[in-house]
Amino acid sequence: MTSSFQNAALSRRGFLRMSGGVAAAAALPAGLAACGGSSGGSGTLRLVGVADQQKALDLLTKAYTGAKFSTSFAPTDQVQTSVRTQLGAGNAPDLHVVYPGNGSAMSMAQIAQAGLLADLSGQAWTKKIPASLKPAFQKDGKTFIYSAGSSVIGAIYNKKVFEKAGVEPPKTWSEFLDVCEKLKKKGTVPIALGAQTPWVTQLITYALVPSTVYAKNPQFDSQMQAGSTSFAQSGWVQALDMYLDLQKRGYFNDNPNGTTFEQQTSMVATGKAAMAIQVSAVLPDFRAAAANAADLSMFPVPGADDAAQVRIPAGVVVGLGVSARSKNKEAAEKFVAFLGEQQNINRWAEAVACVPLVRDSSSKIDPVLEPFLPYLDGDRADPFMDQAWPNAEVQPAHFAMVQELLAGKTTVAEGLAKMDETYRKK
């Protein structure tokens, strides 16, 4: 990874997590519900990941000749519940999804402190982790997660829909509202929002908070930790007001709380909606749903009326860990070492449209990320908000708050008060 991208994360160090609320065990796919046990040392590595990892892992497990694999993938909420349960019961997969940093039940710090992840520190690729990103990978100086790089949050949009409405990607918040209004007048849903899927609820907030909070107060996280500020006393209020204003103006699809991520994806891919504020790691899902993948592109969401004050969110993508109790731990660690080779870092990064953890002359950046590079190279990017949250309860509290705001069941003040209360829990 270039030094310019490293600098983009110096003020706050973060990661990508798309974890969500608890799914009932009865709702788990049969392949996940039945995959207890750690392969029994059979030589076949059992791997459980989230759906957005499948393209990369299908590619890389097929390319790896050192082991056979039994893989399964499912939506984030379901995998988080099933794998965390198996970790606690001592029958986790050999390799499984892990979220960087802290703040989620399936995050690296939470699982590592419970002694459930193998130490990967001896692997060569870990020596190349940029210093600014080490908190996403390490606890107490040891590396417990593999991740291929960093992703961004922005607006995935249908270029044909934009062209038909005569609009272009905006540079300021006022311009963004103007674009939405023109799209609405053309009879197109400006923004598809799949808020029934819990992790989707956070993305609009995360797209705006770099501009409404960190552009004005880069020390917000340290002040939160010291107890000298709060969500309710910060630019979080402005970000959520802006979020709700989009709803009041009629820029979302009907019933966002009854719309899933998959439906959101389809709406944009088919042109029924113009855009969705999403993380670049799910671009493969949108492309797969489109008749022509080239119709889709992406732009930064401008959270300020002064273009110079616009900042963007960027963070380490969801990765893999090795179960500390795996009967195939040595073989699983060898596969992770394979993933850490530069060509495989590049292959994973290309598959999920992220910036590689380490960049060299062979690294390719997805063209849709080009509008984000000036922000990354200009130190105008902030890691995803939950990186500095002290416990695994704040994030689901945020999800629930947004759903209640969209349903008119709470206010911004009440919702942020609950988030502050949850943040202070020990």
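Everything quoted here is computed from the prediction, not taken from an experiment.

Engineer: Sorry if this is basic, but what is going on with the overall build of the protein chain here?
Structural biologist: Counting secondary structure elements, the protein chain contains 18 helices and 13 strands. A compact globule built from 426 residues should have a C-alpha radius of gyration of about 22 Å, and the protein chain, at 20 Å, falls within 12% of that. For the protein chain, the residues scored as buried account for 59% of the 426 residues in total. Taking all contacts inside the protein chain whose residues are at least 6 apart in sequence as the whole, residues at least 24 apart take part in 78%. Working note: accessible area of the protein chain is about 15900 Å², and carbon and sulfur atoms make up 49% of it. Once the 40 positive and 36 negative side-chain charges of the protein chain are each reduced to a mean point, those two points are 4 Å apart.

Engineer: Explain the pairing of strand β11 (residues 319-322) to me, please; I cannot follow it from the model alone.
Structural biologist: Successive side chains on a regular strand alternate, one facing one side of the sheet and the next facing the other. Neither face of β11 is open: one carries Gly-319 and Gly-321, the other Leu-320 and Val-322, and all of them are buried. Looking at chain direction, strand β3 (residues 95-98) and β11 are connected through 4 bridges and run antiparallel. Residue pairing for β11: Val-98 is matched across the bridge by Gly-319.

Engineer: Just checking my understanding: could you explain the packing of helix α11 (residues 236-248) against helix α18 (residues 412-423) for this structure?
Structural biologist: Between two packed helices, both the angle of their axes relative to each other and the distance between the axes serve to describe the pair. Contact pair α11 / α18: the axes reach a minimum separation of 10 Å and the direction vectors enclose 130°. It follows from the interaxial angle that α11 and α18 lie oblique. The way α11 lies across α18 gives a crossing that is right-handed. Here Trp-236, Val-237, Leu-240, Asp-241 and Leu-244 of α11 come into contact with α18, specifically with Val-412, Leu-416 and Met-419.

Engineer: How should I be thinking about the side chain of Ser-147 in this particular structure?
Structural biologist: With respect to the helices, strands and loops of the structure, Ser-147 is situated in the loop between β5 (142-143) and β6 (149-158). Polar contacts involving the side chain of Ser-147 include one to the main-chain carbonyl oxygen of Val-317, which spans 2.7 Å. Beyond its immediate chain neighbours, meaning those up to four positions away, Ser-147 contacts Phe-137, Val-316, Val-317, Val-318, Gly-319 and Leu-357.

Engineer: Is there a simple way to explain the sheet that holds strand β1 (residues 44-50) in this structure?
Structural biologist: Remark on secondary structure: sheet strands pair via backbone hydrogen bonds, oriented parallel or antiparallel. Pairing within the open sheet is mixed, and its 4 strands lie in the order β2-β1-β3-β11. The open sheet has two free edges, formed respectively by β2 (68-74) and β11, since each of these has just one partner strand. Neighbour to neighbour, the strand axes of the sheet diverge by 30° on average, direction disregarded. The strands that helix α3 (residues 54-63) touches are β1, β2 and β11; relative to β2, the one it contacts most, it runs at about 175°.

Engineer: Help me understand helix α12 (residues 261-269) in this model?
Structural biologist: Owing to its 3.6 residues per turn, the α-helix aligns residues three or four sequence positions apart on the same side. Among the residues of α12, Phe-261, Gln-264, Thr-265, Met-267, Val-268 and Ala-269 are the ones counted as buried. Of the residues trailing α12, Gly-271 is marked for its positive phi of about 85°.

Engineer: Teacher, can you tell me more about the nonpolar core here?
Structural biologist: Nonpolar side chains tend toward joint burial in soluble globular proteins. By size, the foremost hydrophobic cluster in this structure holds 86 residues, and its most contacted members are Phe-162, Phe-176, Leu-183, Phe-231, Trp-236, Met-275 and Trp-389. The dominant element in this core, judged by the number of residues it contributes, is helix α9 (residues 202-214), at 8 residues. Beyond its immediate sequence surroundings of up to four residues, Trp-236 is in contact with Thr-205, Tyr-206, Val-209, Val-213, Phe-220, Phe-231, Met-385, Trp-389, His-398, Leu-416 and Met-419. Within the second largest apolar cluster, 56 residues are counted, among which are Ala-118, Ile-345, Trp-348 and Ala-351.

Engineer: Looking at this structure, how should I read unusual backbone geometry?
Structural biologist: Negative phi is the rule for most residues except glycine; trans is the rule for most peptide bonds. Of note, Asn-255 is a non-glycine position whose phi angle comes to about 50°, a positive value. Within the secondary structure, Asn-255 sits in the loop between α11 and α12. Phi at Ala-353 is positive, roughly 55°, even though this residue is not glycine. Mapped onto the fold, Ala-353 is located in the loop between α15 (342-351) and β12 (355-356).

Cut-offs applied
Residues numbered from 1 in each chain as written. Predicted model: local features only at pLDDT ≥ 70, side-chain atom pairs only at ≥ 80, totals over all residues. Heavy atoms only, no water. Helix = DSSP H or I, 4+ residues; strand = E, 2+ residues; numbered from the N terminus. Rg over C-alpha atoms; globule rule 2.2 N^0.38 Å. Buried < 20%, exposed > 50% of the residue type's maximum accessible area, 1.4 Å probe, protein only. Contact = heavy atoms within 4.5 Å. Areas by Shrake-Rupley, 256 points an atom, 1.4 Å probe, with all protein chains shown as cover. Lys, Arg positive; Asp, Glu negative; His and termini not counted. Charge placed at Lys NZ, Arg CZ, Asp CG, Glu CD. Pairing = 2+ DSSP bridges. Axes fitted to C-alpha atoms, helices over the stretch in contact; angles between N-to-C directions. Parallel < 35°, antiparallel > 145°, perpendicular 65-115°, else oblique. Left-handed = near helix turned anticlockwise from the far one by under 90°. Polar contact = N/O pair within 3.5 Å; in protein donor to acceptor, adjacent residues only side chain to side chain. Core = buried A, V, L, I, M, F, W, Y, C linked by side-chain atoms within 4.5 Å.

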